[in-house]
Amino acid sequence: ELKVEQNPLFLSMQEGKNYTIYCNYSTTSDRLYWYRQDPGKSLESLFVLLSNGAVKQEGRLMASLDTKARLSTLHITAAVHDLSATYFCAVDIRGTYKYIFGTGTRLKVLA
Amino acid sequence: DTEVTQTPKHLVMGMTNKKSLKCEQHMGHRAMYWYKQKAKKPPELMFVYSYEKLSINESVPSRFSPECPNSSLLNLHLHALQPEDSALYLCASSQGGTGQGVLSNQPQHFGDGTRLSIL
């Protein structure tokens, strides 16, 4: 059974601090996606990681992918309150349109 | 503003009612999806249409009936729902494949969702 697990599930951090969210998956997939969801809102695409070693950065967020370890990280640098949201990673099953979402990480940045 | 439009935004219905959720995109995407999301949980895939044909049905109960009238529209027909079906229903689209294979290196674009409550 394909599993996509994130940790931590909940993260409360102070503004200005750094932290990393981890996404582990159990199938062979070399495409990984990160999404953000604000409370009561839809999902917004953040990053698409297409190959082993891929690294992408946007503002205070940086995502990386290690397909051999089946691990992706989302690193937060100098957190600000506006980053408070739930972050999901997702993988797709090769050759299909099936996307599996991770368990989600609820991030709360305290002012 | 989202490029995937879902209507209605909120829906309250009784267990004997019949209603439909609608989704529309004009990005030329050829794959469209229905997800169900419960509070504080990740989205769960329900159905996928590829080139207007049902590609994936994740063993969804028959009280949910999807329909893809054309490449821009996706409907979800609801009948005799149960209270546990109350959730946020999300529609998404992605570029899709070439017809000869799956091109899945594009993210999904999500609508704002329909919040469904079953009385």
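Predicted, not measured: the structure shown is a model, and the values here were computed from it.

A. View of the overall build of chain B. Counting its regular elements, chain B contains zero helices and 11 strands. Its C-alpha atoms give chain B a radius of gyration of 14 Å, near enough to 14 Å, the size a compact globule of 119 residues would have. Seen through its C-alpha atoms, chain B measures out along the principal axes to roughly 45 × 30 × 25 Å. Across the 119 residues in chain B, those meeting the buried criterion constitute 45%. Nonlocal contacts in chain B, meaning residues at least 24 apart in sequence, comprise 57% of its contacts between residues at least 6 apart.

B. Expanded view of the sheet that holds strand E7 (residues 61-66) of chain A. Residue and element names in this part refer to chain A. Across the sheet, which stays open at both edges, the five strands sit in the order E1-E3-E8-E7-E6 with antiparallel pairing between neighbours. At either end of the open sheet lies a strand with only one pairing partner, and these are strand E1 (4-7) and strand E6 (55-58). Put simply, the sheet's adjacent strands are angled 15° from each other on average, direction ignored. The pairing of E6 with E7 spans four bridges and is antiparallel. Counterpart to Lys56 in the pairing with E7 is Ala63.

C. Structural view of the interface of chain B and chain A. Tallying the contact residues gives 30 residues for chain B and 22 residues for chain A. At the boundary of chain B with chain A, total buried surface from both sides reaches about 2,000 Å², with 59% on carbon and sulfur atoms. With a shortest N-O distance of 2.9 Å, A:Lys98 and B:Glu58 are connected by a salt bridge. Taken together, the links from chain B to chain A amount to five residue pairs in polar contact (both at pLDDT 80 or more). Tallying contributions element by element places strand E4 (residues 31-37) of chain B first for the side of chain B that touches chain A, with four residues. Classifying every residue of the side of chain B that touches chain A by side-chain character gives 14 nonpolar, 11 polar and five charged.

D. Seen up close, the confidence of the model for chain A. Considering every residue of chain A, the mean pLDDT works out to 92; 99% of them sit at 70 or more. Within chain A, strand E10 (residues 99-101) of chain A has the poorest average pLDDT of any element, 91, and strand E8 (residues 71-76) of chain A the best, 97.

About the cut-offs
Residues numbered from 1 in each chain as written. Chains lettered and ligands numbered in written order. Predicted model: local features only at pLDDT ≥ 70, side-chain atom pairs only at ≥ 80, totals over all residues. Heavy atoms only, no water. Helix = DSSP H or I, 4+ residues; strand = E, 2+ residues; numbered from the N terminus. Rg over C-alpha atoms; globule rule 2.2 N^0.38 Å. Buried < 20%, exposed > 50% of the residue type's maximum accessible area, 1.4 Å probe, protein only. Contact = heavy atoms within 4.5 Å. Pairing = 2+ DSSP bridges. Axes fitted to C-alpha atoms, helices over the stretch in contact; angles between N-to-C directions. Buried area = accessible area lost by both parts, 1.4 Å probe. Salt bridge = Lys/Arg side-chain N within 4 Å of Asp/Glu carboxyl O. Polar contact = N/O pair within 3.5 Å; in protein donor to acceptor, adjacent residues only side chain to side chain. Nonpolar A, V, L, I, M, F, W, Y, C, P; charged D, E, K, R; others polar. pLDDT = per-residue confidence, 0-100.

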